[in-house]
Amino acid sequence: MKKDKILVIGACGQIGVELTLALRKMYGDTNVLASDLREEHDLLKGTGPYVSLDVMNKEMLHVLVIRHNITQIYLLAAILSATGEKNPLLAWHINMQSLLNVLDIAKEENLDKIYWPSSIAVFGPNSPAQETPQHTVIEPTTIYGISKFAGERWCEYYNHRFGVDVRSLRYPGLISYKSAPGGGTTDYAIEIFHEAKEHGKYTSFLSEDTYLPMMYMPDAIRATIELMEADASKIAVRSAYNLGAMSFSPKEIGAEIKKHIPGFTMAYEPDYRQQIADGWPNSIDDSQARNDWGWKPEFDLAAMTVDMLKNI
Ligand code: NAD
């Protein structure tokens, strides 16, 4: 039997650090090669092999895959929603070309499995906002959402046309304390914890009643690994699965934090990110992920708040 050798691209990002550490626990430290454009993240140092890699350089990526006998790739490098709006053409170029490089090498080298995350940003103002279904109107208005939607179509295409076993999740906003967020519209839900602990107050860049789907990082890491471990016959969706856990507004998370930090106060100064959030779902119907491969979240707002405040 062929041994699993995993390459994580974008390993120093908000998800990458935690996913790399989780994969190393499962597959063995030396079998998970971490890579990123940036310098190795402090939390990864000493935990396993690391290489500097620009995923846009297809030849280098191809050589790396062959040299290290890679069998699976987790592609996490991307330009996120808020950053993408500042330079749309760059976001499109990086988000699309990185995925095409990986999918094409997977096809050429007959790799076992590929993971690439999509996002709730694929939905737009014409999608139903409450309990947004798996299959519905998809008309994204941000360049990030457009690139994720196009990416989903490419994933399904490479699966149907060439048999590449690529799997994907539409992550909601992810909340974590280990590594910093990378420029998304849901970053407020991380900043709020740091500001609450350090200064007892927070000014939100989204309005008080902006509901967005969210998830605590341990659930997101578990969902990713469970999807990748599931038998291929259970993966009916080859674009990307809706994935949900909780939904709250800045006012609600503020009230939850106030239970632990009584003097905590909030103000609201919506900026350009408000418009992005307004086009996204309030909550997600993830019943297909639950039915197909058994997805079930563990953390709600109360449990996440306790854990975040304990750890940051
Ligand atoms: P991040 O910005 O924190 O990390 C991305 C990493 O990719 C960074 O370390 C960056 O240095 C690296 N990178 C960028 N360009 C690269 C290149 N050319 N070559 C190699 N590495 C490069 O992002 P994240 O939050 O960890 O997100 C990872 C994935 O999950 C992305 O596809 C993102 O769209 C998706 N996602 C994230 C969230 C969230 O809330 N964090 C929600 C939905 C989807």
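Residues numbered from 1 in each chain as written. Predicted model: local features only at pLDDT ≥ 70, side-chain atom pairs only at ≥ 80, totals over all residues. Heavy atoms only, no water.

Under an unreviewed UniProt entry, the chain has the name Nucleoside-diphosphate-sugar epimerase and belongs to Chitinophaga arvensicola. In its Sequence similarities (unreviewed entry) section, UniProt records this for the chain: "Belongs to the NAD(P)-dependent epimerase/dehydratase family." (UniProt positions renumbered as here; feature names shortened; annotations may be inferred.)

Draft legend 1. Examining the packing of aromatic side chains more closely. According to the stated counting rule, one finds 11 aromatic pairs in the structure shown. Each ring, one from Y216 and one from F299, has its centre 4.8 Å from the other, and the planes form 70 degrees; the classification is edge-to-face. Here Y216 is found in strand β11 (residues 212-216), whereas its partner F299 is found in the loop between α10 (287-293) and α11 (301-311), with 83 residues between them in sequence. In this structure an aromatic cluster arises from ring pairing among W154, Y157, Y158 and F162. (Phe/Tyr/Trp six-rings, centres within 6.5 Å; stacked < 30°, edge-to-face > 60°. Helix = DSSP H or I, 4+ residues; strand = E, 2+ residues; numbered from the N terminus.)

Draft legend 2. Fine view of helix α5 (residues 143-162). In this model, α5 (20 residues) spans 27 Å end to end at C-alpha, consistent with the 28 Å of a helix rising 1.5 Å per residue. The set of residues buried in α5 consists of I143, Y144, G145, S147, K148, A150, G151, E152, C155, Y158 and N159. Looking one or two residues past α5, G163 carries a phi angle of roughly 75 degrees, positive in sign. (Expected span 1.5 Å × (residues − 1). Buried < 20%, exposed > 50% of the residue type's maximum accessible area, 1.4 Å probe, protein only.)

Draft legend 3. Focus on the layout of surface pockets. There is about 890 Å³ of room inside the largest pocket. Secondary structure elements with two or more residues in the lining of the largest pocket: α1 (14-27), α3 (81-86), β6 (118-119), α5 and β9 (173-175). Here the lining of the largest pocket gets three residues from one element, more than from any other, and that element is α1. Tallied by class, residues from the lining of the largest pocket come to 24 nonpolar, 13 polar and five charged. Here the lining of the largest pocket spans two domains, since at least three of its residues come from each of domain 1 (6-173 + 217-242) and domain 2 (174-214 + 245-283 + 299-311). (1 Å grid on protein atoms, 1.4 Å probe; cavity = no way out; pocket = protein on both sides within 12 Å on 5 of 7 lines; lining within 4 Å. Points joined across faces, edges and corners; volume = space filled by probe spheres on them. Nonpolar A, V, L, I, M, F, W, Y, C, P; charged D, E, K, R; others polar. Domains from an automatic or database assignment.)

Draft legend 4. Seen up close, helix α2 (residues 58-67). Taken residue by residue, α2 has L61, H62, L64 and V65 as its buried positions. Projection of α2 onto a plane perpendicular to its axis shows the buried side chains occupying an angular sector of 160 degrees, all on one side. Those residues of α2 that are exposed and aimed more than 90 degrees away from the buried face are E59 and R67. For α2, the elements touching its buried residues are β1 (6-9), β2 (32-36), β3 (50-52), β4 (72-75) and α4 (88-109). Looking one or two places after α2, you find N69, whose phi comes out positive at around 50 degrees. (Arc of directions from axis to C-beta. Contact = heavy atoms within 4.5 Å.)

Draft legend 5. Quick look at the packing of helix α8 (residues 250-258) against α11. Taken N-terminus to C-terminus, the directions of α8 and α11 make an angle of 55 degrees; their axes are 10 Å apart at the nearest point. Looking at the two axes, α8 sits oblique to α11. As α8 runs across α11, the sense of the crossing is right-handed. Where α8 approaches α11, its residues E252, I253, E256 and I257 are matched on the opposing element by L301, A302, M304 and T305. (Axes fitted to C-alpha atoms, helices over the stretch in contact; angles between N-to-C directions. Parallel < 35°, antiparallel > 145°, perpendicular 65-115°, else oblique. Left-handed = near helix turned anticlockwise from the far one by under 90°.)

Draft legend 6. Layout of the confidence of the model for the chain. Summing up the model confidence of the chain, the mean pLDDT is 97 and the portion of residues at 70 or higher is 99%. At the level of chain-chain contacts, confidence expressed as ipTM amounts to 0.99, with global pTM at 0.97. (pLDDT = per-residue confidence, 0-100.)

Draft legend 7. Looking closely at the sheet that holds strand β13 (residues 246-248). Reading across the sheet, the three strands line up as β9-β11-β13 and stay open at both edges, with mixed pairing between neighbours. Each end of this open sheet is capped by a strand with a single partner; those strands are β9 and β13. The mean inter-strand angle of the sheet, taken between neighbouring strand axes irrespective of direction, is 45 degrees. As judged from the three bridges shared by β11 and β13, these two strands associate in the antiparallel manner. Paired with M214 across the bridge in β13 is M246. Running over the sheet, helix α6 (residues 188-199) touches β9, β11 and β13 and is turned about 25 degrees from β9. Sheet strands in contact with α11 are β9, β11 and β13, and its direction is about 80 degrees off that of β13. (Pairing = 2+ DSSP bridges.)

Draft legend 8. Structural view of the packing of α2 against α4. Two numbers describe how α2 lies on α4: the axes approach to 10 Å, and their chain directions differ by 40 degrees. The angle between the axes of α2 and α4 places the two elements in the oblique class. Handedness of the α2/α4 crossing: right-handed. Contacts between α2 and α4 involve K58, L61, H62, V65 and I66 from the former and N101, V102, D104, I105, E108 and E109 from the latter. Among the residues making up the contact of α2 with α4, the classes are represented as five nonpolar, two polar and four charged.

Draft legend 9. Examining the site of the ligand more closely. The local shell around the ligand holds 26 residues, among which Q14, D36, D54, Y144 and K148 are the closest. Here an oxygen atom of the ligand sits 2.8 Å away from a polar atom, N or O, in the main chain of Q14. In this structure, D54 approaches the ligand through a side-chain N or O atom, which is 2.8 Å from a nitrogen atom. Contact with the protein chains hides 93% of the accessible area of the ligand, taken as 830 Å² for the molecule alone. A molecule is said to occupy a pocket when more than half its atoms come within 2 Å of that pocket's grid points, and by this definition the ligand occupies the largest pocket. Sorting the residues of the shell around the ligand by element identifies α1, β6, α5 and β9 as the ones contributing at least two each. (Near = heavy atom within 4 Å. Polar contact = N/O pair within 3.5 Å; in protein donor to acceptor, adjacent residues only side chain to side chain. Areas by Shrake-Rupley, 256 points an atom, 1.4 Å probe, with all protein chains shown as cover. Sits in = over half its atoms within 2 Å of the grid points.)

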